Amino acid sequence: QIDRRSPNRLDRILRLTSYRVRIPSPVTTRIQRNNTIDGLLYEPAEPTDRAIVFLPWFKDRNTEKAEWICQFLAGSGYKVFFMPMGYQFGRAPKGYGSGSYIGKGGGADHLQEWARQAVLDVRRSREWLLKTQGVHPQRLGILGISLGGFIGALSYGVCPEFRSAAIVLAGGN
């Protein structure tokens with residue numbers, strides 16, 4: 001499901017269009033709201049066949065700073081899919097802040113399952129961009145910051161279909 005968002009001030013200045021996108025995760029967890037990739041797609045004013053899957057840092061109260069990065073990249077001519085990983089933002093269980101359930105959900109097995117879901121969600125997002133957004137397979141990369149950098153590096157390592165990756169401040173605290 002894809003829904004156009006009302007443009008904000010920066011979207012208008014950069015001549016962007018943004019959409020809320022809901023894609024079923026290939027992994028089912030016991031937390032229902034975690035079973036959907038609830039992301040944001042930013043499209044530049046000019047058509048393009050190049051795109052970035054953006055993976056955010058561990059915890060934040062809202063998406064504002066991450067969206068600034070996506071808006072800047074879209075303003076530079078890339079489609080950008082902001083993909084919250086499992087248990088982040090709208091995928092977090094009720095009563096938990098964004099990302100906090102990642103470390104509180106039940107030990108090493110929980111973290112392993114979370115990482116597995118994150119990589120499979122990146123792959124699913126990649127497939128969606130290629131099939132529905134006119135992205136060329138050779139022009140799709142990953143940008144991960146902090147915790148997103150760990151998942152970005154892991155995804156890049158196990159998904160040879162990605163041609164480029166930018167890993168920023170992974171473990172940068």
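Visitor: Would you mind going over the layout of surface pockets with me for this structure?
Guide: Remark: the empty space left among the atoms is shown by a probe the size of a water molecule rolled over them. Roughly 150 Å³ of internal volume is contained in the largest pocket. Together, 13 residues line the largest pocket, and Arg20, Asp38, Leu40, Thr63 and Pro84 are the ones closest to its centre. Among the elements that take part in the lining of the largest pocket, strand 3 (residues 36–43) stands out by supplying three residues, more than any other.

Visitor: It is not clear to me how the pattern of salt bridges should be interpreted in this structure. Could you clarify?
Guide: For side chains bearing opposite charge, pairing can occur when the charged atoms are close. Considering all chains together, one arrives at nine salt bridges under this definition. Among the ionic pairs, Arg22 bridges to Asp3, the shortest N-O distance being 3.0 Å. Remark: Asp3 occurs in strand 1 (residues 2–4) and Arg22 occurs in strand 2 (residues 17–24); sequence separation between them is 19 residues. Residue Arg22 is classed as partly exposed on the basis of its relative accessible area, which comes to 23%. The class of Asp3 is partly exposed, set by a relative accessible area of 30%. A salt bridge links Arg15 to Glu46; its shortest N-O distance comes to 3.6 Å. Within this pair, whereas Arg15 is found in the loop between helix 1 (9–14) and strand 2, its partner Glu46 is found in the loop between strand 3 and strand 4 (51–55), the two being separated by 31 residues in sequence. Exposure remark for Arg15: the relative accessible area of 52% places this residue in the exposed category. When its relative accessible area of 54% is taken as the criterion, Glu46 is described as exposed.

Conventions and cut-offs
Residues numbered from 1 in each chain as written. Predicted model: local features only at pLDDT ≥ 70, side-chain atom pairs only at ≥ 80, totals over all residues. Heavy atoms only, no water. 1 Å grid on protein atoms, 1.4 Å probe; cavity = no way out; pocket = protein on both sides within 12 Å on 5 of 7 lines; lining within 4 Å. Points joined across faces, edges and corners; volume = space filled by probe spheres on them. Helix = DSSP H or I, 4+ residues; strand = E, 2+ residues; numbered from the N terminus. Salt bridge = Lys/Arg side-chain N within 4 Å of Asp/Glu carboxyl O. Buried < 20%, exposed > 50% of the residue type's maximum accessible area, 1.4 Å probe, protein only.

Read these as geometric descriptors, not functional statements.
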